[in-house]
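This is what each chain is made of:
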Amino acid sequence: MTSSEELFERAQGVIPGGVSSPVRAFGSVGGAPRFVASARGAYVTDVDGREYVDLVGSWGPAILGHAHPEVVEAVREAAGRGLSFGAPTLAEVELAEAVRARVPVVERLRLVSTGTEATMTAIRLARGVTGRDRVVKFAGCYHGHSDGLLAAAGSGVATLALPGSAGVPASVAAETIVLPYHDLPAVEAAFAEHGPTIAAIITEAAPANMGVVPPEPGFNAALARIAHAHGALLIQDEVLTGFRVGPAGWWGLEAQREGWSPDLLTFGKVVGGGMPVAALGGPAAVMDALAPTGPVYQAGTLSGNPVATAAGLATLRLADDAVYARVDRAAALLRGAVDEALTAAGVAHAVQHASNLFSTVLGTDAGARDYAQVLASEAWRYPAFFHSLLRDGVYAPPSAFEAWFVSAAHDDAALDRIVSALPAAARAAAQATPPTA
């Protein structure tokens, strides 16, 4: 028995499912999860001393690579001054200013600790500003685990094959209208019927929690137009895409270029540089409705934590154009290699991407443009693909419904190891058989 297997067995005695977040349990790929002992650059090392090229990157934050020396030093210096004050600090002001410099539509920013907290607060703020209760979301888009947003969510919910979650009151779920992604007629119909009661549309700026399903040109702009025509707000969830797909996130790639803006944006992952930091932001006219300037209450003892904000600020300062160019290059190379390997193995597939985020839809060359098509894919081929990569020292996301993440630390040696492992993984996927009923 490996040390990871022993630890997983031990963990299950004290932690539900043995993990602190469901996808870590390897539930959809099988086997015992690898317990990570350390990480540096493009690599993670497990408790058995085995090194893997990492394609998870802490689910997005590690855009510079793990344990970047300057980020680590910034954290060390901040920790030396004190771990938490429960009072304002310079670092949170500087981090908010750094975000606004990248995304000027964010005139005000409120720091919180998790992406779930950011989206939950954004929903509360939208309801407070509009005086309405209902929210429109899209099947397969994941916005954290607050009660009203766990209807037809992607990511871990899809991995566990759950339609929602126990413990969510029916009265809360009833305030959420779930529509198929990319279905603008359905959005129009929902507003025609419920418009005066809808506070907001919330959508992932580029969905990456049902695998990557990039928005078709004009889709997000149409959501903004429809919402505003009915007095509702548009919330763009950039917890994953913010400062990951480009210097200004998806807003910089799409909305800024097209000349429109959402009313609220949520950020996480990269904005904290691997520490628990998230945020919501938008125009002052909306954001100033938050307490203490407005009637919408939100608070958090650890919000703007000085050690965590130090990591986020250092990461944003280091993530320059050269970093994004390296990440984009690595992602493009791997997309091509995955496509080539699966094609050679005879596995129907589509490699879908939103900038440098990508994933693979197995079993169809047509790809997927909504959650139903994702669920209809041959995701049962993925466990064999995943475990083949793992045996060859490549740690891919342990779910077919997650994006792959590369970093600026993925140099030629790291990329070569992944590329070399892909043909065997593709053959394993080709030989996989569907589960019996």
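Residues numbered from 1 in each chain as written. Predicted model: local features only at pLDDT ≥ 70, side-chain atom pairs only at ≥ 80, totals over all residues. Heavy atoms only, no water.

**Q** Tell me about the packing of aromatic side chains, and please be specific about residues and values.
**A** What the rule picks out here adds up to 11 aromatic pairs. Ring geometry for Tyr-52 against Tyr-395: centres 6.3 Å apart, planes inclined by 55 degrees, an arrangement best described as tilted. Of this pair, Tyr-52 sits in strand E3 (residues 51–54) while Tyr-395 sits in strand E13 (residues 394–395), placing them 343 residues apart in sequence. Looking at Tyr-52, the relative accessible area reads 2%, which means it is buried. Given a relative accessible area of 13%, Tyr-395 falls into the buried group. Of the aromatic side chains, those joined through ring pairs into one cluster are Phe-26, Tyr-52, Phe-358, Tyr-382, Phe-385, Phe-386, Tyr-395 and Trp-404. (Phe/Tyr/Trp six-rings, centres within 6.5 Å; stacked < 30°, edge-to-face > 60°. Helix = DSSP H or I, 4+ residues; strand = E, 2+ residues; numbered from the N terminus. Buried < 20%, exposed > 50% of the residue type's maximum accessible area, 1.4 Å probe, protein only.)

**Q** Can you break down the pattern of salt bridges residue by residue, with the values?
**A** Under the definition given, this model contains eight salt bridges. Across the salt bridge formed by Asp-412 and Arg-329, the nearest N and O atoms sit 2.9 Å from each other. Placement of the pair is Asp-412 in helix H15 (residues 412–431) and Arg-329 in helix H12 (residues 321–345), with a sequence separation of 83 residues. Residue Asp-412 is classed as partly exposed on the basis of its relative accessible area of 45%. (Salt bridge = Lys/Arg side-chain N within 4 Å of Asp/Glu carboxyl O.)

**Q** Which residues make up the sheet that holds strand E7 (residues 198–204), and what values go with them?
**A** Judged by pairing direction, the sheet is mixed, and its seven strands sit side by side in the order E4-E10-E9-E8-E7-E5-E6 without closing on themselves. In this open sheet, the two edge strands, each paired with only one partner strand, are strand E4 (108–112) and strand E6 (176–179). Between one strand and the next, the sheet's axes are offset by a mean angle of 20 degrees, whatever the strand orientation. Bridge analysis of strand E8 (residues 233–238) against strand E9 (residues 264–267) gives four bridges, and the strand direction is parallel. Counterpart to Asp-237 in the pairing with E9 is Thr-266. (Pairing = 2+ DSSP bridges. Axes fitted to C-alpha atoms, helices over the stretch in contact; angles between N-to-C directions.)

**Q** For helix H9 (residues 249–258), give the residues involved together with the corresponding values.
**A** Of the residues making up H9, those classed as buried are Gly-249, Trp-250, Trp-251, Glu-254 and Ala-255. Seen from one end, H9 has its buried residues packed into an arc of 125 degrees, which puts them on one side. Downstream of H9 by a residue or two, Gly-259 has a phi angle that is positive, lying close to 80 degrees. (Arc of directions from axis to C-beta.)

**Q** Go over unusual backbone geometry with me, naming the residues and quoting the values.
**A** Of all residues except glycine, most have a negative phi; of all peptide bonds, most are trans. Backbone torsion omega between Ala-291 and Pro-292 reads 15 degrees, so that peptide bond is classified as cis. With respect to the secondary-structure elements, Pro-292 resides in the loop between helix H10 (284–287) and helix H11 (306–318). Non-glycine residue Ala-67 carries a positive phi angle of around 55 degrees. Within the fold, Ala-67 resides in the loop between E3 and helix H2 (69–81). According to the relative accessible area criterion, Ala-67 is partly exposed, its value standing at 27%.

**Q** Please give an account of the sheet that holds strand E1 (residues 36–40) that cites residues and values.
**A** The pairing of strands in a sheet comes from backbone hydrogen bonds and takes either a parallel or an antiparallel form. The mixed open sheet is built from four strands, whose spatial order is E1-E2-E3-E13. In the strand order of this sheet, the two ends are held by E1 and E13, each with one partner. With four bridges joining them, E1 and strand E2 (residues 43–46) adopt antiparallel strand pairing. Its bridge partner being in E2, Val-36 is matched across the sheet by Asp-46. Sitting on the sheet, H15 touches E2, E3 and E13, and the angle it makes with E3 is about 95 degrees. (Contact = heavy atoms within 4.5 Å.)

**Q** Break down empty space enclosed by the protein for me, citing the residues and quoting the values.
**A** A water-sized probe rolled over the atoms picks out the places where empty space is left. Under the definition given, this model contains three cavities of 30 Å³ or more. Taken as a whole, the largest cavity holds about 90 Å³ of empty space. Among the elements that take part in the lining of the largest cavity, strand E12 (residues 357–362) stands out by supplying four residues, more than any other. Per-class residue counts for the lining of the largest cavity are eight nonpolar, four polar and one charged. (1 Å grid on protein atoms, 1.4 Å probe; cavity = no way out; pocket = protein on both sides within 12 Å on 5 of 7 lines; lining within 4 Å. Points joined across faces, edges and corners; volume = space filled by probe spheres on them. Nonpolar A, V, L, I, M, F, W, Y, C, P; charged D, E, K, R; others polar.)

**Q** If you had to explain the packing of helix H3 (residues 90–102) against H11 to someone new, which residues and values would you point to?
**A** Running from N to C, H3 and H11 point in directions that differ by 35 degrees, and their axes come no closer than 9 Å. Once H3 is placed against H11, the crossing between them reads as left-handed. For the pair H3 and H11, the contacting residues are Ala-91, Glu-92, Glu-94, Leu-95, Ala-98, Val-99 and Arg-102 in the first and Thr-309, Gly-312, Leu-313, Leu-316 and Arg-317 in the second. In the contact of H3 with H11, the residues fall into six nonpolar, two polar and four charged. (Left-handed = near helix turned anticlockwise from the far one by under 90°.)

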